[in-house]
Amino acid sequence: MLKIIKNSTTKKARLLEINLPSGKINAPFFMPDATRAVLKNIDVETLKKLNLSAQVVNTYHLLLQPGTAIIKKAGGVHKFMNWLGPLLSDSGGFQVFSLLHRNKSMGKIFDDRVEFKSPLDGSKQILTPEKSIQIQFDLGTDMMVCLDDCPPNDLSEQAMKASVDKTIAWARRCRAEFYRQIKKRKTDKDKRPLLFGVIQGGESKDERKRCAESLLEIGFDGLGYGARPIDKDGNFLEEILRYTASLIPDEYLRFGLGIGLPDDIVACVDMGWDMFDCVIPTREGRHGRLYEPIFNFQFSIFNEFKSSNDSIFKTYNIKNSKYKEDFSVINENSKLAVLREYSRAYLHHLFKIGEPLGQRLAALNNLEFYLELMGEIRANIK
RNA sequence: GGGUCGAUUGCAGAGUGGUCAAAUGCUCGAGACUGUAAAUCUCGCGGUUUAUACCUUCGUAGGUUCGAAUCCUACUCGGCCCA
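As the structure is a computational prediction, the values presented were derived from the model and not from experiment. Counting restarts for each chain: residues are numbered from 1 in the order of the written sequence. Throughout, the order in which chains and ligands are written sets their labels, letters from A for the former and numbers from 1 for the latter. pLDDT decides what is reported in this predicted model: residues at 70 or higher carry local features, side-chain atom pairs at 80 or more are listed and counted, and totals for whole chains, interfaces and linings draw on all residues regardless.

A. Structural context of the overall build of chain A. When helices and strands are tallied, chain A shows 15 helices and 16 strands. The dimensions of chain A, computed from C-alpha atoms along their principal axes, are 60 × 50 × 45 Å. Put plainly, a residue is buried at 20 or more neighbouring C-beta atoms within 10 Å of its own, exposed at 12 or fewer, and partly exposed in between, counting only other residues' C-beta atoms, which are placed from the backbone. Split into buried and exposed, the 382 residues of chain A put 47% on the buried side. This entry defines residue contacts through backbone-placed C-beta atoms, with two residues in contact when those atoms are within 7 Å. For chain A, contacts bridging at least 24 residues in sequence account for 69% of all contacts bridging at least 6. Elements are defined by DSSP. Helices are runs of H or I of four residues or more, strands are runs of E of two residues or more, and each kind is numbered from the N terminus.

This is the structure:
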């Protein structure tokens, strides 16, 4: 399922080929978040033009809306969203963090389950490790993630331990349910999805280690880095990321969940992380922030990154008044005619009038930047 | 021509003697965004500024008052009603 094409001679970075039920992917790769089974504002045809390899959908969000019954009737989430390429489903674990750790009134985390109040209608929703896996099978995704308890990084030592215990216990149950489902559904051995455990432990190396070792004992196809990859001041947790990667053997896929900024992704590949997902390109695009490369990619990314404090990208806010009369094109090198032909002044105008086309173009610009970056990263693994 | 109501900082629109550089919304200016409760959120928005400071400002010109966007007079402009 996982074939190592090339190991970097000087770094942990590696080039992989991953075989999934819906197709092959070359790693390292980046997946945009189509949380509710759509990459906001963007259609599948356009994604194909960008050579997108995979997207991420969310178990929790799809459970709430439209519900698994509809998706089953549609023949799975691939058919439902008309994306026949690889899909990863996130477990809903992050929503534990996002909804409950930040706002206790939204529900409660028990030892054996999570209870949420649906933000849509206030109804009570229960998620268990087993249910999360069952739903992911109903979705029919290529890569699945164990339900985890995603704690804030600054949790007290004792609370962090308890949280990690929970993540480990739930991972064990997820794996058991995963194989139960494979047996029950008589899934072909080489057509089965991949299952990822999630390493938690915040900024504590001891907890990260304990979590990783326990998950390795249970056995998965890949392990992920859980929780926010930045501290409360927004600083990238490079040391913890590097240490956590080092705990994962080579035969495992290494998944950096929710990572991140372009520079962080480059740094993570250098540490051995293989795959990433993040809302940044699409969300920031919707908010008017556009990414563009600084060096035009004609350099060795890793060396440049290491030898200078320069970032490999820059951003600009298309809503700023200085773009009112900037008739230069959004991106003359784009694969997409719309980005090669529409001017920044026009894009500025679209944002000013609140036209969704503006959000779409900006998100596409950022997504293309991320995908180009990943291609350049793969080309630079030597 | 007569009567009547009104004129507030980009717009709309509060405020009717001091706590008003003046609510609120919008516009405008900028920032944030990391497994998406996010087409969202934050900050700024007369000037000088470290400022609980000073200056200029509520149609125009005067006046009353310790003190006026708020009260009085005239004028200008606008809405409505009557001729």
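The structure having been displayed, the exposition proceeds.
B. Broad picture of the protein's contact with RNA strand B. In this entry, near means the residue's backbone-placed C-beta atom lies within 6 Å of the molecule or strand. Not every one of the 49 residues close to RNA strand B is listed here, only the nearest: Pro119, Cys150, Gly258, Gly260 and Ser321. Mapped by element, the contributors of at least two residues to the surface near RNA strand B are β5 (55-58), α5 (93-101), β14 (275-278), α11 (280-286) and α15 (356-379). If one sorts the elements of the surface near RNA strand B by residue count, α5 sits on top with six residues. Any residue outside Ala, Val, Leu, Ile, Met, Phe, Trp, Tyr, Cys, Pro, Asp, Glu, Lys and Arg is labelled polar, Gly included; the first ten of those are nonpolar and the last four are charged. For the surface near RNA strand B, the class distribution of residues is 19 nonpolar, 17 polar and 13 charged.

C. How the structure looks around the environment of Asp33. Examined against the element boundaries, Asp33 turns out to sit in the loop between β4 (29-32) and α1 (44-49). By C-beta crowding, Asp33 is classed as buried, having 21 other C-beta atoms within 10 Å. Sequence-distant contacts of Asp33, defined by excluding residues within four places in its chain, comprise Val56, Asp277, Cys278, Val279 and Thr282.

D. Quick look at α5. By the criterion of burial, α5 is predominantly enclosed, with seven of the nine residues buried. Those residues of α5 that fall on the buried side of the exposure criterion are Gly93, Phe94, Gln95, Val96, Phe97, Leu99 and Leu100.

E. Local environment of the sheet that holds strand β10 (residues 143-145). For two strands to be treated as a pair, DSSP must find no fewer than two bridges joining them. One open sheet holds the eight strands; their spatial order is β4-β14-β13-β12-β11-β10-β6-β5, and the pairing between them is parallel. Whereas interior strands pair on both sides, the edge strands pair on one side only; in this sheet they are β4 and β5. Ignoring strand direction, the axes of neighbouring strands in this sheet form an average angle of 25°. Each axis is a line fitted through C-alpha atoms, and for a helix only the stretch in contact is used; angles between axes span 0 to 180 degrees, taken between their N-to-C directions.

F. How the structure looks around the pairing of strand β1 (residues 2-7). Judged by how many residues are buried, β1 sits mostly at the surface: zero of six residues are covered. Note that β1 and strand β2 (residues 14-20) share five bridges and pair antiparallel. Bridge assignment links Ile4 to a residue of β2, and that residue is Leu16. Where β1 hands over to β2, the hairpin turn is made up of six residues, counted between the paired strands.

G. Structural context of the environment of Arg360. Checked against the element boundaries, Arg360 lands in helix α15. What makes Arg360 buried here is the crowd of 21 C-beta atoms within 10 Å. Considering only alpha carbons, one finds Arg360 and Arg286, 74 residues apart in sequence, at a separation of 7.0 Å.

H. Here's a closer look at the packing of helix α7 (residues 157-184) against helix α8 (residues 205-218). At their nearest, the axes of α7 and α8 sit 10 Å apart, and the two run at 15° to each other. Between α7 and α8, the angle falls in the class roughly parallel. At the point where α7 passes α8, the crossing takes the right-handed sense. Where α7 abuts α8, its residues Met160, Lys161, Val164, Thr167, Ile168, Ala171, Arg172 and Arg175 lie against Glu207, Arg210, Cys211, Ser214, Leu215 and Ile218. Of the residues belonging to the contact of α7 with α8, the class tally is seven nonpolar, two polar and five charged. Angle categories are assigned with fixed cut-offs, so that under 35 degrees is roughly parallel, over 145 is roughly antiparallel, 65 to 115 is roughly perpendicular, and the rest are oblique. In a left-handed crossing the near helix is turned counterclockwise from the far helix by less than a right angle, and in a right-handed crossing that turn is clockwise.

I. The arrangement of the pairing of β14 in detail. Neither face of β14 is left uncovered, since the one carrying Met275 and Asp277 and the one carrying Phe276 and Cys278 both have all their residues buried. Strand direction decides the pairing type here: strand β13 (residues 253-256) and β14, joined by two bridges, are parallel. Counterpart to Gly256 in the pairing with β14 is Phe276. By convention, orient the strands away from the viewer: a clockwise path from the first strand over the helix to the second makes the crossover right-handed. Between β13 and its parallel partner β14, the chain crosses via helix α10 (residues 262-271), and the hand of that crossover is right-handed.

J. Molecular detail of the sheet that holds strand β8 (residues 114-117). One open sheet accounts for three strands, arranged β7-β8-β9; its pairing is antiparallel. Each edge of the open sheet is held by one strand with a lone partner, namely β7 (107-109) and β9 (124-127). Strand-to-strand twist of the sheet, defined as the mean angle between neighbouring strand axes without regard to direction, takes the value 20°. Here four bridges tie β8 to β9, and the two strands are oriented antiparallel to one another. Within β9, the residue paired with Val114 across the bridge is Leu127.

K. Region of interest: the nonpolar core. Counting residues in hydrophobic clusters, the biggest one holds 108 residues, and the most contacted among them are Val77, Cys146 and Phe196. For this core, the element with the highest residue contribution is α15, accounting for eleven residues. Aside from chain neighbours lying at most four places away, what touches Cys146 is Ser91, Pro129, Trp170, Ala171, Cys174, Leu195, Phe196, Gly197 and Val198. Structurally, a nonpolar core is described as a collection of buried Ala, Val, Leu, Ile, Met, Phe, Trp, Tyr and Cys residues joined by way of C-beta atoms within 7 Å.

L. Up close: the confidence of the model for chain A. The pLDDT value tells you how sure the predictor is about a given residue, anywhere from 0 up to 100. Of the residues in chain A, 96% have a pLDDT of 70 or more, and the chain-wide mean is 93. Two numbers describe this predicted complex: its pTM, 0.94, and its ipTM, 0.92.

M. Examining helix α6 (residues 129-139) more closely. Counting buried positions along α6 yields eight of eleven residues, so the element is predominantly enclosed. Listed in full, the buried residues belonging to α6 are Pro129, Ser132, Ile133, Ile135, Gln136, Phe137, Asp138 and Leu139. A positive phi of about 80° marks Gly140, the residue just after α6.

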